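Here is what each chain is made of, one letter per residue.
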Amino acid sequence: MKNIKKICALFALIFAVAIVSAQTYRIEAGFISPKQSGSSFSTNYFNGIRVGATAEFELKNNFSLLTGALYSVVYSSKVQYYALESADSVSYKTFGHSIDVPLRLTYTLPITKDLKVFAFAGPNLNIGLAQPRNTTAILSQSSKDLIASQGGIVPETGTQDLYKSAMISRINFQMGAGGGIQWKNYQLKGGYDFGINSINKIDTSKLLHQSGWYVSLVYQF
């Protein structure tokens, strides 16, 4: 926890310095597809949109440092079936709201006066705002007993915020890479962020990571 707090403080400092010192500002909107996965969990896939703004500070030899703030809203619909009874199932409908603060080292290669290609890599801090989940459980007593005997939590019908219920962590530290193409003031870029820390707060021995890819259309001022 102390390391996570130090990382957040470092991101906040670099973000503030880069925003004030930046030479280039952009807005962007695009599609994002994160997933939550782990060896003890079935993968949960999300789809949604992301919008925000970035600032870029120029370094030397075509390198630059990019940061910003990007808001995402995503949705997931998942059904889990149980083998003991054919009708036994639990459905989950989940919304996710979060802020991403990337810190990317970018290299840009000019092709012509108006055409450029670029690649980037670096950390990303994903901060969860809310993740309400609606659960509909249709389970026989035998399925409930089996789940409990294996040390699991028996799903119950209802709605809860996974952050407020302390089921997953709001802080998701990621490392990512990507690239794109720029024509005049417009960019098309995409990338992938790998989750580094486990976001599972119920059982820290069972790792749960959040990763995902994205693609965005960007306009440069």
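Up top is the structure.
Residues numbered from 1 in each chain as written. Predicted model: local features only at pLDDT ≥ 70, side-chain atom pairs only at ≥ 80, totals over all residues. Heavy atoms only, no water.

Caption draft 1: The side chain of Ser143, seen in detail. Within the secondary structure, Ser143 is located in helix H2 (residues 141-149). Residue classification places Ser143 among the buried residues on the basis of a relative accessible area of 2%. Within the local environment of Ser143, its side chain forms a polar contact with the side chain of Asp88, the two groups lying 2.3 Å apart. (Helix = DSSP H or I, 4+ residues; strand = E, 2+ residues; numbered from the N terminus. Buried < 20%, exposed > 50% of the residue type's maximum accessible area, 1.4 Å probe, protein only. Polar contact = N/O pair within 3.5 Å; in protein donor to acceptor, adjacent residues only side chain to side chain.)

Caption draft 2: Representation of the packing of aromatic side chains in the model. Inspection of every chain in the model, using the stated rule, returns seven aromatic pairs. An angle of 25° between the planes, with centres 6.5 Å apart, marks the rings of Phe118 and Phe120 as stacked. Like Phe120, Phe118 is buried. Relative to Phe194, the ring of Tyr192 lies with its centre 4.6 Å away and its plane at 55°, an arrangement referred to as tilted. An aromatic cluster of three or more residues is present, and its members are Tyr186, Tyr219 and Phe221. Above the face of the Tyr214 ring, Arg50 is positioned so that its terminal group lies 4.5 Å from the ring centre. The ring of Phe120 is capped by Lys189, whose NZ or CZ atom sits 5.8 Å from the centre of that ring. (Phe/Tyr/Trp six-rings, centres within 6.5 Å; stacked < 30°, edge-to-face > 60°. Lys NZ or Arg CZ within 6 Å of the ring centre and 35° of its normal.)

Caption draft 3: Highlighting unusual backbone geometry. Its identity is not glycine, yet Asn61 carries a phi of approximately 55°, on the positive side. Here Asn61 is to be found in the loop between strand E3 (47-58) and strand E4 (63-81). Here Ala166, not a glycine, exhibits a phi torsion of approximately 60°, which is positive. Looking at the element boundaries, Ala166 is found in the loop between strand E8 (158-161) and strand E9 (171-183). With a relative accessible area of 37%, Ala166 lands in the partly exposed category.

Caption draft 4: View of the side chain of Asn200. Tracing the chain through its elements places Asn200 in the loop between strand E10 (186-195) and strand E11 (209-220). Accessibility expressed as a relative area gives 9% for Asn200, which makes it buried. Here Lys206 takes part through its backbone oxygen, which lies 2.8 Å from a polar atom of the side chain of Asn200.

Caption draft 5: Geometry of the pairing of strand E2 (residues 41-45). Of the pairings in the sheet, the one linking strand E1 (residues 24-38) to E2 comprises three bridges and is antiparallel in character. Bridge assignment links Gly38 to a residue of E2, and that residue is Phe41. In sequence, E1 turns back onto E2 through a hairpin of two residues. (Pairing = 2+ DSSP bridges.)

Caption draft 6: Broad picture of the pattern of salt bridges. Summed over the entire model, instances satisfying the criterion amount to four salt bridges. Put simply, Glu56 and Arg26 hold a salt bridge, and the shortest N to O gap is 2.4 Å. With a gap of 30 residues between them, Glu56 in strand E3 and Arg26 in strand E1 connect regions that are remote in the sequence. (Salt bridge = Lys/Arg side-chain N within 4 Å of Asp/Glu carboxyl O.)

Caption draft 7: Spatial organisation of the pairing of E10. Here E10 shows a clear split, with Gln187, Lys189, Gly191, Asp193 and Gly195 buried on one side and none of Tyr186, Leu188, Gly190, Tyr192 and Phe194 buried on the other. In terms of strand pairing, E9 meets E10 through 10 bridges, oriented antiparallel. What sits directly across from Gln174, in E10, is Gly195. Two strands pair when backbone bridges link them, and E10 and E11 are joined in this way by eight bridges, in the antiparallel orientation. Considered in E11, the bridge of Gly190 is made with Val215.

Caption draft 8: Main features of the environment of Leu105. Note on placement: Leu105 falls in strand E5 (residues 89-110). Here the alpha-carbon distance between Leu105 and Gly48, two residues 57 residues apart in the chain, equals 26 Å.

Caption draft 9: Structural detail: the environment of Val154. Locating Val154 in the fold gives a position in the loop between H2 and E8. Note on Val154: relative accessible area 26%, which makes it partly exposed. With residues up to four places along the chain from it excluded, the contact list for Val154 reads Leu139, Lys144, Ile147 and Ala148. (Contact = heavy atoms within 4.5 Å.)

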